[in-house]
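# Examination of the molecular architecture
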Amino acid sequence: MDKKEYQLVLDLTKGSSDPEAIFYRATAYISLNQPVPATALLVENREELFKANPVLLMKVTFELRFIQKQFDEAYKDLEWFSNQPYVSQAVEEQLRAAPALIRANERAATMVKDYSPEDVEKILLTSPDDYEVLSMLSYVQSHHLSDYISLLRQITVSNRHPYVRTYALLLLLALKDPTPISFLKNGQVYRVVPSELEPPYTGDTYNDFVNAMILMAKDPAVSGTSHEILNDYIMDVYPEKVIKAKDDRLLMTAFIKLGREYLKSSLGIEGYIEMYHLDPKAVEDQASQIKGVLDSTPVLKY
């Protein structure tokens, strides 16, 4: 997978009943832009995959449904997952979040093709539904974005959910807006020039860090969850810079620790601490700080 030899992965995993091999096979199909066989594979092996890694199964299943705009099927998947025996708190949290996630993706996919400027302004500035506002921001991103620069500035400095305000800020960055803007986030006042900001999830440092963390974690479920936690944290603290060095093993270990805890893994991080000569307290403090920020982010309203 690391070498992007997806057809080889398909050849090597053909006919395998091992859950890890099936997940790799599904990922290879997705990477080859073949969501139909990937979905069929997961559905066919659903019971065994749920036993092996329910969180990863739900995540990939819903992503595939969204790619194919199969929202009725996504609700049926959710019903199936909800009827399974209790596994862990992580599974329950994902189940609770799933209806809103399906609804948001369905709304984004079925959004009408055109809105008047008055409609856009009304939704962006007055809608109580954060998901509706996020969907509208996605809409304006591909419909004369520069026409809405004033609204984007208003949202960035508003009391909206942090995700909504950060999305608006990123759209200002995309527009290379040179106008300084000040806003409060996580108890800190930021004064930035959007055109001078660095986009999240990009650049060699980010990519090299993520690839190194994936190799460290080894387990696809842990690496995937740790990567997701990293991305959530980056969004929660943006425009702060999270990754300052591509080989920051302490930071990688902190995210792997959080990923394992989320998945209720019994494995610890002692091996990483010994291998990379890390201070256990420093790793714990870093993980606690990250978790504190994530836990303090309010739930999206819908």
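To start, this report covers the structure provided alongside it.

Rules used throughout
- By convention here, each chain's residues receive numbers from 1 onward along its written sequence.
- With pLDDT at 70 or above as the cut-off, local features in this predicted model cover only qualifying residues; side-chain atom pairs require 80 or more to be listed or tallied, and sums for whole chains, interfaces and linings still use all residues.
- Water and hydrogen atoms were dropped before computing side-chain values, which therefore reflect all heavy atoms in the structure.
- Whenever Lys or Arg places a side-chain nitrogen within 4 Å of a carboxyl oxygen from Asp or Glu, that contact is recorded as a salt bridge.
- Secondary structure counts use DSSP, requiring at least four H or I residues in a row for a helix and at least two E residues in a row for a strand, with both numbered from the N terminus.
- Relative accessibility thresholds used throughout: buried, under 20% of the residue-type maximum; exposed, over 50%; partly exposed, between the two (1.4 Å probe, protein chains only).
- Simply put, an axis is a line fit to the C-alpha atoms, just over the touching stretch for a helix, and the angle between two N-to-C directions goes from 0 to 180 degrees.
- To sort the angles, those under 35 degrees are grouped as roughly parallel, those over 145 as roughly antiparallel, those from 65 to 115 as roughly perpendicular, and the leftovers as oblique.
- Rotating anticlockwise by less than a right angle from the far helix to the near helix defines a left-handed crossing, while the corresponding clockwise rotation defines a right-handed one.
- When checking whether two residues touch, look at their non-hydrogen atoms; a contact exists if any pair is within 4.5 Å.
- Three residue categories are used. Nonpolar comprises Ala, Val, Leu, Ile, Met, Phe, Trp, Tyr, Cys and Pro, charged comprises Asp, Glu, Lys and Arg, and polar comprises the others, including Gly.
- By the convention used here, strands pair only if DSSP detects at least 2 bridges between them.
- Under the pairing criterion, centres of Phe, Tyr and Trp rings, with the six-membered ring standing for Trp, must be within 6.5 Å; the plane angle then separates stacked pairs below 30 degrees from edge-to-face pairs above 60, leaving the rest tilted.
- By the criterion adopted, a ring carries a charge over it if an Arg CZ or a Lys NZ lies within 6 Å of its centre and within 35 degrees of its normal.

## Thoughts on the pattern of salt bridges
Taken as a whole and assessed by the stated rule, the structure comprises 14 salt bridges. Here aspartate 208 ties to lysine 246 by a salt bridge, and the two come within 3.8 Å at their closest N and O atoms. Of the two residues, aspartate 208 sits in helix H12 (residues 204-217) while lysine 246 sits in the loop between helix H13 (220-237) and helix H14 (249-262), which places them 38 residues apart along the sequence. Assessed through its relative accessible area of 46%, lysine 246 is described here as partly exposed. Lysine 257 is the partner of glutamate 261 in a salt bridge, and the nearest nitrogen-oxygen pair spans 2.8 Å. Of this pair, glutamate 261 and lysine 257 both sit in helix H14, 4 residues apart, roughly one helical turn. Overall, the relative accessible area of 38% leaves glutamate 261 in the partly exposed class. The exposure class of lysine 257 is buried, given its relative accessible area of 14%.

## Quick look at the packing of H12 against H14
Where H12 meets H14, the closest approach of the two axes is 10 Å, and the angle between their N-to-C directions is 55°. By the criterion of interaxial angle, the relationship of H12 to H14 is oblique. Note that H12 runs across H14; the crossing there is right-handed. Every residue of H14 that contacts H12 at Phe209, Ala212, Met213, Met216 and Ala217 is listed here: Arg249, Leu251, Met252, Thr253, Phe255, Ile256 and Arg260. Counted by class, the contact of H12 with H14 contains 9 nonpolar, 1 polar and 2 charged residues.

## Quick notes on the pairing of strand E2 (residues 188-192)
Sheet topology places strand E1 (residues 181-185) next to E2; 5 bridges connect them, and they run antiparallel. Across the sheet, the residue bridging to serine 182 is arginine 191, located in E2. Two successive antiparallel strands, E1 and E2, enclose a turn made up of 2 residues, where asparagine 186 displays a positive phi of approximately 50°.

## A short note on the packing of aromatic side chains
With the rule as written, the count across this model stands at 10 aromatic pairs. Measuring from ring centre to ring centre gives 5.8 Å for phenylalanine 50 and tryptophan 80, while their planes differ by 90°; the resulting arrangement is edge-to-face. Here phenylalanine 50, found in helix H4 (residues 46-52), pairs with tryptophan 80, found in helix H6 (residues 71-82); they are 30 residues apart in sequence, far enough to count as distant. Phenylalanine 50 gets classed as buried once you look at its relative accessible area, which sits at 6%. Here the aromatic rings of tyrosine 201 and tyrosine 206 are separated by 6.0 Å at their centres, their planes lie at 55°, and the arrangement is tilted. For the cation-ring pair, arginine 46 lies above tryptophan 80, with the distance from its terminal atom to the ring centre recorded as 5.0 Å. Looking at arginine 46, its charged tip hangs above the ring of phenylalanine 81, at a distance of 5.5 Å from the centre.

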